[in-house]
Amino acid sequence: MSTPQSVMELAKKAGAKMADLKFVDPFGTWQHFSVPIAEITPEVFTEGLGFDGSSIRGWKSIEASDMLAMPDPATAFIDPFCAVPTLSLTCTIAETGTREPYSRDPRGVAQKAEAYLSATGLADRAVFGPEAEFFIFDNVQYEARSNGCFYTVDSEEAVWNTGREELPNLGYKIRHKEGYFPVPPTDTQQDLRTEMVLVMQELGLEIERQHHEVATAGQAEIDYRFDSLVRAADRMMVYKYVVKNVARKHGKTATFMPKPLFGDNGSGMHTHLSLWKKGKPLFAGAEYAGLSRMALHAIGGILKHARALCALCSPTTNSYKRLVPGYEAPVNLAYSARNRSAAIRIPTFSESPKAKRLEYRPPDPSANPYLAFSALLLAALDGILNQTDPGEPMDKNLYELPPEELARVPQICGSLDEALDQLERDHAFLLAGDVFTRDFLEMWISTKRKEADSLRLRPHPYEFFLYYDV
């Protein structure tokens, strides 16, 4: 769907009665409102549809709340989860009157990042391939009160259910860290993941594979084909939408929370990045692991700004329950070919120049993809423009280095507070090309500080175990 007319034809062919206008808030939640299909005219794509932005976290205050949702015809699809045929359109947000892009709209930020890339003359296309992991649970319960709190998740395939009375219990439970990747009946979710894949394909995502992931209790991964920055982020929102709704259809619940289980692997969003110009891959060359000097400088920029990137790529307090040694988490700020213990890996599955790319492993799927991909691109461009030296690669298992050697390897942030401190000190690279604004970053840091405080101020159940009898 490339034009308003083609969107109108799609809606007519499908017998659409409604149109659903979707947009993403700063913190990665897909929001929406719906209108009768007659409201979708060719003019809507240039004039937008008005809505109240004052109730969206991090956006307008009530005295200046009018905003415009500008539908992108390239994002059109017929929503597979609506009872009535419904056209879905993803929107960029604009100011009323001027129709200027709203500086706090994440999709607008990503569009500015692509424009800045072209303006540098270094490349004309940034290609992203995220690998978002998630959990599929059979049940989740949680509560937080002033006088108590709890959470519990459950899965029929989880190791803790070997003794549960299932009438009958047929065994085949996945032990911690042994989910990668036995066949059914141990893997109970093959058909469920396949249904997710088929729905994604109907909506235009090119799927490369699906499989169970390392953790017990239904950890999964579905990989879709790389695309340009905005399109890859658009697809991530569709990906999450499909995963959650297909799971719910089958009486299950899916979560992209990075670390819902203690003692097992968390969910990451390893992100592949490469730059192209006039159809030519720019990261292939004669340097280390078949990379170009440009690619090495991009690595240098990402490693230089990695701790600040944490605030956008690992943006929740729960992110730092995942980013700890011992769970295949990329806590070491180093780069290496093949080595999954480094923050940046250079995949070596193919020798084709088109396959040369960087894989940045710290991000997790709680990140807003528009913001995370934009920040990652800006860090890489900063490295290229300043010819930042990435240092020597680390072709060792970083988890097994002697303590004195490991102490010389920089580490990722250990908490959201630390990440926000780093972002306050190191954010000039994000302001290049006016991609991020100071206003946006101040809002982000302020909101995330409150989020971190909300956890810090509450007693933790495990503290009762440790300290009640002091």
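In this text, all values refer to a predicted model and were calculated from it rather than measured experimentally. Starting from 1, residues in each chain are numbered consecutively following that chain's sequence as written. Per-residue local features are limited, in this predicted model, to residues with pLDDT of at least 70; the limit for side-chain atom pairs, both in listing and counting, is 80 or more; totals at the level of whole chains, interfaces and linings are taken over all residues. Excluded from the side-chain calculation are hydrogens and water; included are all heavy atoms of the structure.

**Thoughts on the nonpolar core**
- We call a set of buried Ala, Val, Leu, Ile, Met, Phe, Trp, Tyr and Cys residues a nonpolar core when their side-chain atoms join them within 4.5 Å. Burial classification: accessible surface area is computed with a 1.4 Å probe over protein chains only, and a residue below 20% of its type maximum counts as buried, one above 50% as exposed, and the rest as partly exposed. Formed by 101 residues in total, the largest nonpolar core has its most connected members in Met196, Tyr239, Leu275, Ile302 and Phe436.
- The biggest single contributor to this core is helix H6 (residues 293-313), with 14 residues.
- In what follows, residue pairs with any heavy atoms lying within 4.5 Å of each other are defined as contacts. Apart from residues no more than four positions distant in its own chain, Ile302 is found in contact with Leu273, Leu309, Ile344, Leu358, Tyr360, Leu376, Ala379 and Ala380. Elements are defined by DSSP. Helices are runs of H or I of four residues or more, strands are runs of E of two residues or more, and each kind is numbered from the N terminus.

**Brief notes about the pairing of strand S7 (residues 125-137)**
- In terms of residue burial, S7 counts as a mostly covered element, since 12 of its 13 residues are buried.
- As paired elements, S7 and strand S14 (residues 269-277) share 8 bridges and run antiparallel to each other. Pairing of Glu131 across the sheet is with His270, part of S14.
- As paired elements, S7 and strand S12 (residues 227-228) share 2 bridges and run antiparallel to each other. Directly across from Val127, in S12, lies its bridge partner Ser228.
- Two strands pair when backbone bridges link them, and S7 and strand S13 (residues 253-255) are joined in this way by 3 bridges, in the antiparallel orientation. By the bridge assignment, Phe137 is partnered in S13 with Thr253. Two strands qualify as a pair provided DSSP detects at least 2 bridges between them.

**Some remarks on the packing of H6 against helix H10 (residues 416-425)**
- Fitted lines through C-alpha atoms give the axes, limited to the stretch in contact for helices. The angle between two N-to-C directions lies from 0 to 180 degrees. Across the interface, H6 lies against H10 with an axial gap of 7 Å and an inter-helix angle of 120 degrees. It follows from the interaxial angle that H6 and H10 lie oblique. Classified by chirality, the crossing of H10 by H6 is left-handed. In this structure, H6 contributes Arg307, Ala308, Cys310 and Ala311 to the contact, and H10 contributes Glu418, Ala419, Leu420, Gln422 and Leu423. Roughly parallel covers angles under 35 degrees, roughly antiparallel covers those over 145, roughly perpendicular covers 65 to 115, and oblique covers all other angles. Definitions for this section: a left-handed crossing has its near helix turned counterclockwise from the far helix by less than a right angle. A right-handed crossing has that turn clockwise.

**With respect to the packing of H10 against helix H11 (residues 438-456)**
- At a closest axis distance of 10 Å, the pairing of H10 and H11 adopts a crossing angle of 160 degrees. Judged by the angle between their axes, H10 and H11 are roughly antiparallel. Seen along the crossing, H10 lies across H11 with a hand that is left-handed. Contacts from Leu416, Asp417, Leu420, Asp421, Leu423 and Glu424 in H10 reach Leu441, Trp444, Ile445, Lys448, Arg449, Glu451 and Ala452 in H11.

**So, helix H8 (residues 369-385)**
- Here the expected length of a helix is defined as 1.5 Å per residue gap, with one fewer gap than residues. Over its 17 residues, H8 extends 24 Å from the first C-alpha to the last, a length consistent with the 24 Å expected when each residue adds 1.5 Å.
- Along H8, 16 of the 17 residues are buried, which leaves the element largely enclosed by surrounding structure.
- With a side-chain oxygen lying 3.1 Å from the backbone nitrogen of Tyr370, the N-terminal cap of H8 falls on Asn368.
- Positive backbone phi, approximately 50 degrees, marks Gln387, located one or two places after H8. N or O atoms within 3.5 Å of each other form a polar contact, as long as, within protein, one can give a hydrogen and the other can take it, and as long as residues adjacent in sequence are counted only when both atoms are side-chain atoms.

**Points about the state of the cysteines**
- The definition used for a disulfide is geometric: two cysteine sulfur atoms within 2.5 Å. For the coordinates displayed, the defined rule picks out 0 disulfides.
- Free of any disulfide, Cys310 has its nearest cysteine sulfur in Cys413, 4.2 Å distant.
- Looking at Cys310, the relative accessible area reads 2%, which means it is buried.
- Here Cys313 is not cross-linked by a disulfide; its sulfur's nearest cysteine counterpart is in Cys310, at 7.6 Å.
- On the accessibility criterion, Cys313 (2% relative accessible area) is buried.

**Comments concerning the layout of surface pockets**
- The rule is simple: put a 1 Å grid over the protein atoms alone, call a set of points where a 1.4 Å probe fits but cannot get out a cavity, call an open set with protein on both sides within 12 Å along at least five of seven lines a pocket, and count a residue as lining if it has an atom within 4 Å of a point. Grid points are joined across faces, edges and corners, and a volume is the space filled by probe spheres set on the points. Here the second largest pocket is characterised by a volume of approximately 900 Å³.
- Every residue lining the second largest pocket is counted, 41 residues in all, and those nearest its centre are Glu131, Glu221, Asp223, His272 and Arg345.
- At the level of secondary structure, the elements contributing two or more residues to the lining of the second largest pocket comprise S7, strand S10 (207-212), strand S11 (219-224) and S14.
- When residue character is reported, Ala, Val, Leu, Ile, Met, Phe, Trp, Tyr, Cys and Pro are called nonpolar, Asp, Glu, Lys and Arg charged, and the others, Gly included, polar. Of the residues in the lining of the second largest pocket, the class split is 15 nonpolar, 9 polar and 17 charged.

**A word on the side chain of Ser274**
- Examined against the element boundaries, Ser274 turns out to sit in strand S14.
- Since its relative accessible area comes to 6%, Ser274 is described here as buried.
- A polar contact is formed between the side chain of Ser274 and the side chain of Trp276, at a distance of 3.0 Å.
- If we ignore the near neighbours within four places in the chain, the residues touching Ser274 are Arg125, Ala126, Val127, Phe283, Lys356 and Arg357.

**Considerations on unusual backbone geometry**
- That bond from Tyr180 to Phe181 is cis: its omega, -20 degrees, falls within 30 degrees of zero.
- Position of Phe181 among the secondary structure elements: in the loop between strand S9 (148-154) and helix H4 (190-202).
- The peptide bond linking Pro184 to Pro185 adopts the cis configuration, its omega dihedral lying at 10 degrees.
- Mapping Pro185 onto the fold places it in the loop between S9 and H4.
- Even without being a glycine, Ala289 presents a positive backbone phi close to 60 degrees.
- Summarising the element assignment, Ala289 is placed in the loop between strand S15 (280-281) and H6.
- Even without glycine at this site, Gln387 takes up a positive phi of about 50 degrees.
- When you line up the elements, Gln387 lands in the loop between H8 and helix H9 (403-406).
- Residue class for Gln387 comes out exposed when judged on its relative accessible area of 59%.

**Here's the deal with the pairing of strand S3 (residues 49-52)**
- Of the two faces of S3, the one lined by Leu49 and Phe51 is fully buried and the one lined by Gly50 and Asp52 carries no buried residue.
- Both S3 and strand S4 (residues 66-71) contribute to a ladder of 4 bridges, which runs antiparallel. Bridging from a neighbouring strand, Leu49 pairs with Ala69 of S4.

**A look at helix H5 (residues 229-249)**
- Compared with an ideal rise of 1.5 Å per residue, which puts 21 residues at 30 Å, H5 spans 30 Å between its outermost C-alpha atoms and is within 8% of the ideal.
- Among the 21 residues that make up H5, 15 are buried, leaving the element largely enclosed by the rest of the structure.
- At the exit of H5 stands Gly251, carrying a positive phi of roughly 75 degrees.

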